[in-house]
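What follows is the residue order along each chain.
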2 protein chains.
Amino acid sequence: MFLRIDHVGIACRNLEESIAFYESAFGLTVVSREVNEEQGVREAMLHVADAEAGASYIQLLEPLGPDTPVGKFIAKRGEGVHHVGYGVADVAKALEEIEAKGIRLIDRRPRHGSMGASIAFLHPKDVGGVLTELVEAPRRTT
Amino acid sequence: MFLRIDHVGIACRNLEESIAFYESAFGLTVVSREVNEEQGVREAMLHVADAEAGASYIQLLEPLGPDTPVGKFIAKRGEGVHHVGYGVADVAKALEEIEAKGIRLIDRRPRHGSMGASIAFLHPKDVGGVLTELVEAPRRTT
């Protein structure tokens, strides 16, 4: 079901400072910056690697306010890894298969993620404490 | 410097139960089981994807006791993502470059990691709360 580790989502207090750190410390490059009001985050995708099944990224997430999910995460646990995103071929089909196994979903239907992807989150309580995201990359038009 | 996301390390209370979950829920396959006394863990690598720069894995980590680093992590934060491992070409050279940038290292010299890799950890306080591991895969002999 999983095609790749699509990204690791990292909660940070200041997006631009964290971007500057990952660029200078590890030589990563920002390929996308977005504000996702629905998720309450300002975010950036930093490219790590390409592969046949799709690229891998570090996703840096700055909360838009203290009452957002990422804002609450940082207040409780500090900055750090927030979630893991796995590439799947078809997120709607994957959700159906996963729900049929008795795993609770946060999103019963795919929603809009970074860089045009369709995404959905699974409930961390049913995935050993790991907030787990499914990512279906947009179809390439070229 | 980073060639790929080599693995996401996940702390769990019961390795065999977590393996069974990842296998049945997401169709991953165990490719290695090891006990690392030095790190105080019983662990398994589950294969996610292959790529030219090297494969990606989920690493499940069960502490050998409550006084180990992973045991303390679980006592404090519960099960969940413990660290992120990135592939590098030369871990000793990467450590030198990273230390020269003023980032604190946990390991000043590479040590033994999963499946024959040379690994080293960076200090999470200098990497935005993320325990970060460098992984140099063993040379292929075939």
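Residues numbered from 1 in each chain as written. Chains lettered and ligands numbered in written order. Predicted model: local features only at pLDDT ≥ 70, side-chain atom pairs only at ≥ 80, totals over all residues. Heavy atoms only, no water.

A.B. asks: What should I look at first to understand the packing of aromatic side chains in this one?
C.D. replies: Here the distance between the centres and the angle between the planes together describe a pair of aromatic rings. The final tally for this structure, using the stated rule, is 10 aromatic pairs over all chains. Centre to centre, the rings of Phe26 of chain A and Phe2 of chain B are 4.5 Å apart; their planes meet at 25°, and the pair counts as stacked. Within this pair, whereas Phe26 of chain A is found in helix H1 (residues 15-26), its partner Phe2 of chain B is found in the segment before strand E1 (4-11), the two belonging to separate chains. For the pair Phe26 of chain A and Phe2 of chain B, a shared accessibility class is recorded, and that class is buried. Feature note: the residues Phe2 and Tyr86 of chain A together with Phe21, Tyr22 and Phe26 of chain B constitute an aromatic cluster, connected by ring pairs. (Phe/Tyr/Trp six-rings, centres within 6.5 Å; stacked < 30°, edge-to-face > 60°. Helix = DSSP H or I, 4+ residues; strand = E, 2+ residues; numbered from the N terminus. Buried < 20%, exposed > 50% of the residue type's maximum accessible area, 1.4 Å probe, protein only.)

A.B. asks: Which parts of the structure should I look at to understand the interface of chain B and chain A?
C.D. replies: Many structure descriptions define interface size as the accessible area lost when the parts assemble. On the chain A side, the residues contacting the 35 residues of chain B number 35 residues. Here chain B meets chain A over a buried area of about 2,800 Å², counting both sides, of which 68% is carbon and sulfur. Taken together, chain B and chain A are joined by zero salt bridges. Where chain B touches chain A, the interface holds four residue pairs in polar contact (both at pLDDT 80 or more). Taken together, the elements giving at least two residues each to the side of chain B that touches chain A come down to E1, helix H1 (15-26), strand E3 (41-49), strand E4 (56-63) and strand E5 (80-87) of chain B. In the side of chain B that touches chain A, the residues fall into 24 nonpolar, six polar and five charged. (Contact = heavy atoms within 4.5 Å. Buried area = accessible area lost by both parts, 1.4 Å probe. Salt bridge = Lys/Arg side-chain N within 4 Å of Asp/Glu carboxyl O. Polar contact = N/O pair within 3.5 Å; in protein donor to acceptor, adjacent residues only side chain to side chain. Nonpolar A, V, L, I, M, F, W, Y, C, P; charged D, E, K, R; others polar.)

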